[in-house]
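Below, each chain spelled out in residue letters.
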Amino acid sequence: MRTLLALLVFLSACTAQAQPELQQVGVQVPAGQGARAAGLGGAGLALQGDGWTRVGAMMQWTSPGVTLGAEQRFGLSELREGSAQGVARRGYTTLGLQAASFGNEAFRSSQFGLVAARRLFPSRPRALSVALRADLVSISTGGDYGNGIGWGLSPSVWAEVTYALSVVLEARNVVSGDVSGREPLPADLRAGIAYLASDRIRLAADLVHDPTFGPTGHVGAEVQIVDVLVARAGIGTDPQQVGLGAGLRIGSLRADLAATRHLLLGWSPSVEVGWSW
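Here's what I pulled together on the structure shown here. No experiment lies behind these values; they were computed from the predicted model shown. (Residues numbered from 1 in each chain as written. Predicted model: local features only at pLDDT ≥ 70, side-chain atom pairs only at ≥ 80, totals over all residues. Heavy atoms only, no water.)

Along the chain, the regular secondary structure elements total three helices and 15 strands. Across the 277 residues of the chain, 48% fall into the buried class. The long-range share in the chain, meaning contacts at least 24 apart out of those at least 6 apart in sequence, stands at 47%. Entry remark: accessible area of the chain is about 12400 Å², with carbon and sulfur atoms responsible for 65%. (Helix = DSSP H or I, 4+ residues; strand = E, 2+ residues; numbered from the N terminus. Buried < 20%, exposed > 50% of the residue type's maximum accessible area, 1.4 Å probe, protein only. Contact = heavy atoms within 4.5 Å. Areas by Shrake-Rupley, 256 points an atom, 1.4 Å probe, with all protein chains shown as cover.)

This is the structure in structure tokens:
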């Protein structure tokens with residue numbers, strides 16, 4: 001048991017910047033970034049399209065849908081994660097729900113999230129949206145290590161500057177409650193841009209500033225190979241990581257595969273499947 005907890009803490013410290021959600025094990029569930037973002041090296045905060053775990057995509061979702069995801073970090077069964085998301089839109093308001101679970105019976109970290117997004121000034125040609133995410137975090141450990149529950153609020157704003165350029169700003173856990181007397185949920189500031197270089201090429205770049213670990217950057221590209229197939233690649237910093245991925249779209253069904261390589265700890269494969277109607 002002690003060996004597993006030590007491993008989780010070590011991996012969290014090594015990968016806190018390479019995978020933005022994997023921070024301070026025992027304080028916040030390491031909810032995955034999604035297979036699309038993983039293939040982009042962690043970038044894609046401002047990208048439109050499928051995958052509401054990215055703020056830009058969530059704000060521009062146009063139809064109800066569900067997504068199931070899984071990830072196994074560094075090939076270790078103790079670091080598996082499963083997630084489920086659902087999203088629906090009514091008028092200019094979009095609502096999303098997420099549930100994610102990470103770990104095993106010795107260490108279990110779970111997160112339940114609710115996101116509400118609203119488009120402002122709908123008569124204007126360029127989109128401007130605001131969103132608020134509320135997270136409930138539950139930590140469960142075996143033996144005498146104890147359990148904990150905490151919460152966090154994360155506001156964000158997304159703007160379409162031009163037809164090809166969009167930007168997003170997000171303050172993660174700007175308001176939060178301690179996990180049952182432990183440290184508060186990790187907070188950071190995030191900025192992202194997405195650029196449509198052509199009908200078949202999308203570029204994305206994110207900057208994350210963590211008060212504890214400092215800034216980290218992520219840059220990625222998406223290329224439409226054929227109508228139903230997209231290829232992705234990206235890099236992240238501090239520590240360095242490389243992401244590769246692909247996306248398949250057939251009608252209302254989609255599937256995303258990705259693998260992120262941490263230069264010290266190895267590969268982390270992830271997959272997502274989704275359906276919209």
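Read on, since the account is not over.
Next up on the list: the pattern of salt bridges. Two side chains with opposite charge may pair up if their charged atoms get near one another. Scanning the entire structure with this criterion turns up 13 salt bridges. Asp188 is paired through a salt bridge with Arg190; the nearest N and O atoms lie 3.0 Å apart. Like Asp188, the residue Arg190 is buried in the burial classification. The shortest N-O distance in the salt bridge between Asp227 and Arg200 comes to 3.8 Å. Of the two residues, Asp227 is situated in the loop between strand S11 (214-226) and strand S12 (229-236) and Arg200 in the loop between strand S9 (188-198) and strand S10 (201-210); the sequence distance between them amounts to 27 residues. Residue classification places Asp227 among the exposed positions, given a relative accessible area of 65%. You can call Arg200 partly exposed: its relative accessible area is 40%. The network of salt bridges with shared partners includes Arg36, Arg202, Glu222, Arg232, Arg249, Arg254, Asp256 and Glu272. (Salt bridge = Lys/Arg side-chain N within 4 Å of Asp/Glu carboxyl O.)

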